[in-house]
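# Structural overview
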Amino acid sequence: MLMLYSITFVSSIILVTNNFVYKYIQLCMPSFLQIYWSPKWLVIIVAINAAIVLNWIAMSTFCGWPSAGFIHFVTEYGLNVLHFDLRNSTFMGISMKYGLTPVTLSLLIEALLLVLVLGGIGLLCAMNIHLCLKQNSMSTRTRRMHRQMLTLLLLQTGCPLLLLHAPLYTMYALLFTGATSPEILNYVIGILMALFPFVCPMITLTFMKDYRNFLLIKLFLRKMQRTDTSTIILKKGIDNGKPVFVVPRTITRISV
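Just so we're clear, the structure is a prediction, and the values are computed from it rather than from any experiment.

Cut-off values and rules
- Residues numbered from 1 in each chain as written.
- Predicted model: local features only at pLDDT ≥ 70, side-chain atom pairs only at ≥ 80, totals over all residues.
- Heavy atoms only, no water.
- Helix = DSSP H or I, 4+ residues; strand = E, 2+ residues; numbered from the N terminus.
- Contact = heavy atoms within 4.5 Å.
- Areas by Shrake-Rupley, 256 points an atom, 1.4 Å probe, with all protein chains shown as cover.
- pLDDT = per-residue confidence, 0-100.
- Phe/Tyr/Trp six-rings, centres within 6.5 Å; stacked < 30°, edge-to-face > 60°.
- Buried < 20%, exposed > 50% of the residue type's maximum accessible area, 1.4 Å probe, protein only.
- Expected span 1.5 Å × (residues − 1).
- Core = buried A, V, L, I, M, F, W, Y, C linked by side-chain atoms within 4.5 Å.
- Axes fitted to C-alpha atoms, helices over the stretch in contact; angles between N-to-C directions.
- Parallel < 35°, antiparallel > 145°, perpendicular 65-115°, else oblique.
- Nonpolar A, V, L, I, M, F, W, Y, C, P; charged D, E, K, R; others polar.
- Patch = residues over 30% accessible without salt bridge, like charges linked within 9 Å, V, L, I, M, F, W, Y side chains within 5 Å.
- Salt bridge = Lys/Arg side-chain N within 4 Å of Asp/Glu carboxyl O.
- UniProt positions renumbered as here; feature names shortened; annotations may be inferred.
- Disulfide = S-S within 2.5 Å.
- Left-handed = near helix turned anticlockwise from the far one by under 90°.

### Regarding the overall build of the protein
Scanning the protein from N- to C-terminus turns up 7 helices and 4 strands. Taking contacts inside the protein between residues at least 6 apart in sequence as the whole, the part at least 24 apart equals 68%. Total accessible area on the protein is roughly 17,500 Å²; 68% of this is exposed by carbon and sulfur atoms.

Structure representation (C-alpha cells):
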C-alpha cells in the first residue's frame with residue numbers, strides 16, 4: 001500500500017505535466033505533434049515517465065524504510081507521548097538522526113527537486129498556452145474551448161499541489177529545519193492527503209458539462225431530458241408561376 005501511495009503521488013504530477021506539454025505542443029508548436037504518432041518517440045516518452053516513477057519509488061524505499069533505531073524511537077514515542085501502539089503497524093519515515101546517510105539524503109533532495117522541476121514545466125507551459133491563445137487567430141468558439149481545457153488543467157494541477165505536494169513540502173521543511181509541528185498540523189496533513197482520491201475525479205466530473213449532467217442524472221438530482229423529433233415534408237407546388245423545391249424540415253423539441 002505504501003508503494004502504491006508513492007506511485008500515485010508522483011504519477012499525479014507526471015500526468016498533469018504530460019497534459020500541459022501536449023496541450024502546449026498542440027497549440028503553440030503543432031509541427032512537433034508528429035512525435036506523438038511516432039512509435040520511437042512514444043517509447044522514449046514512456047521510458048522517461050517510468051524512470052521518474054522508479055526514481056521516486058527508490059527514494060521512498062531507501063530513504064523512508066525505517067531502521068531498527070528509528071522503529072524503536074517511534075514506537076517508544078507513540079506509547080509514552082501519544083499513547084498509541086505502533087508495534088504492529090506498518091509505517092515509513094525519514095529521520096536525520098536514524099538511518100539517513102549522505103547517499104540517501106542526496107536521493108531525497110534529488111527526488112524533491114525533480115518534482116519541483118515537473119511542476120515548473122507545467123507552469124511554464126500554462127503561461128505559454130495563455131499567451132498563445134491571446135495571439136493566435138482562431139474562432140471565438142475554438143478559443144473558448146481551449147480556454148476551458150486550460151482552466152481544467154489548472155484545476156487538475158492545483159488539486160495534487162494542494163492535497164499532496166503542499167503537505168509533503170511541509171514535512172520536508174519540518175525535517176530539514178528540525179522544527180516541532182503542532183498536533184493540529186498532523187491531522188491537517190493526514191486529512192488533505194486522504195481527500196485527494198475523492199477531490200481529483202470530482203473536479204473533472206463537475207467541470208465538464210456532459211460529465212456533470214450524467215452524474216446528476218445518475219444521482220436522481222436532475223431528470224433525463226427527452227428529445228422529440230418530428231419531420232415535416234411539404235408537397236411540391238408552384239408559387240407565382242415558379243416551381244418550389246421543398247426540403248424536409250426537422251423540428252426538435254426538448255423537454256425536461
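That covers the picture; the talk isn't over yet.
### Some thoughts on the confidence of the model for the protein
Mean pLDDT over the protein works out to 76, with 80% of the residues at or above the 70 mark. Here strand 4 (residues 249-255) stands out as the element of the protein with the lowest mean pLDDT, 44, in contrast to helix 2 (residues 39-64), whose mean of 88 is the highest. Counting contacts from residues 244-256, a segment whose pLDDT is below 50, to residues more than four positions away or on other chains yields 35 contacts.

### Observations concerning the packing of aromatic side chains
As enumerated under the stated definition, the model contains 1 aromatic pair in all. An angle of 85° between the planes, with centres 4.9 Å apart, marks the rings of Tyr22 and Tyr36 as edge-to-face. Pair noted here: Tyr22 is in helix 1 (residues 2-28) and Tyr36 is in the loop between helix 1 and helix 2, with a separation of 14 residues, a long-range link. Of the residues examined, Tyr36 reaches a relative accessible area of 22% and is grouped as partly exposed.

### Section: helix 4 (residues 102-135)
An ideal rise of 1.5 Å per residue puts 50 Å on 34 residues; helix 4 measures up with 49 Å between its terminal C-alpha atoms. The complete set of buried residues in helix 4 reads Thr104, Leu108, Ala111, Leu112, Val115, Leu118, Gly122, Cys125, Ala126, Ile129, Cys132 and Leu133.

### Focus on the nonpolar core
Core analysis: the largest hydrophobic core is formed by 26 residues, its most contacted members being Val10, Ile14, Trp56, Met59, Leu108 and Tyr172. Looking at this core, the elements with two or more residues in it are helix 1, helix 2, helix 4, helix 5 (140-177) and helix 6 (183-207). At 7 residues, helix 5 tops the list of elements feeding residues into this core. Counting residues in each nonpolar core, the second largest holds 10 residues, with Val16, Phe20, Leu27 and Leu133 among its members.

### Side note on the packing of helix 5 against helix 6
It is the contact of helix 5 with helix 6, at a shortest axis distance of 10 Å, that shows an interaxial angle of 170°. Classified by the angle between their axes, helix 5 and helix 6 sit roughly antiparallel to one another. Grouping the constituent residues of the contact of helix 5 with helix 6 by class yields 21 nonpolar, 5 polar and no charged.

### Regarding a nonpolar patch on the surface
On the surface, Phe73, Tyr77, Val81, Leu82 and Phe84 cluster together to form a nonpolar patch covering roughly 500 Å² of accessible area. By secondary structure assignment, the location of Val81 is in helix 3 (residues 68-82).

### Concerning the UniProt feature "transmembrane region" (unreviewed entry) in the protein
UniProt records the feature "transmembrane region" (unreviewed entry) for residues 6-25, 37-58, 105-129, 150-172 and 184-208 in the present numbering. As annotated, residues 37-58 has a helix share of 91% and a strand share of 0%, and its two end C-alpha atoms lie 31 Å apart. Regarding residues 150-172, the helix share stands at 100% and the strand share at 0%, and the terminal C-alpha atoms are separated by 30 Å.

### Section: the state of the cysteines
Applying the stated criterion to the full structure yields 0 disulfides. Just so you know, Cys132 is unpaired, no disulfide at all, and the nearest cysteine sulfur is the one on Cys28, 3.2 Å from it. Relative accessible area serves as the criterion here: at 8%, Cys132 is assigned to the buried category.

### What to know about the packing of helix 2 against helix 4
Packing of helix 2 against helix 4 leaves a shortest axis separation of 9 Å and a crossing angle of 145°. Here helix 2 runs over helix 4; the crossing is left-handed. On helix 4, the residues touching Ile52, Asn55, Trp56, Ala58, Met59, Phe62 and Cys63 of helix 2 are Thr104, Leu107, Leu108, Glu110, Ala111, Leu112, Leu114, Val115 and Leu118. Residue composition of the contact of helix 2 with helix 4, grouped by class: 13 nonpolar, 2 polar and 1 charged.

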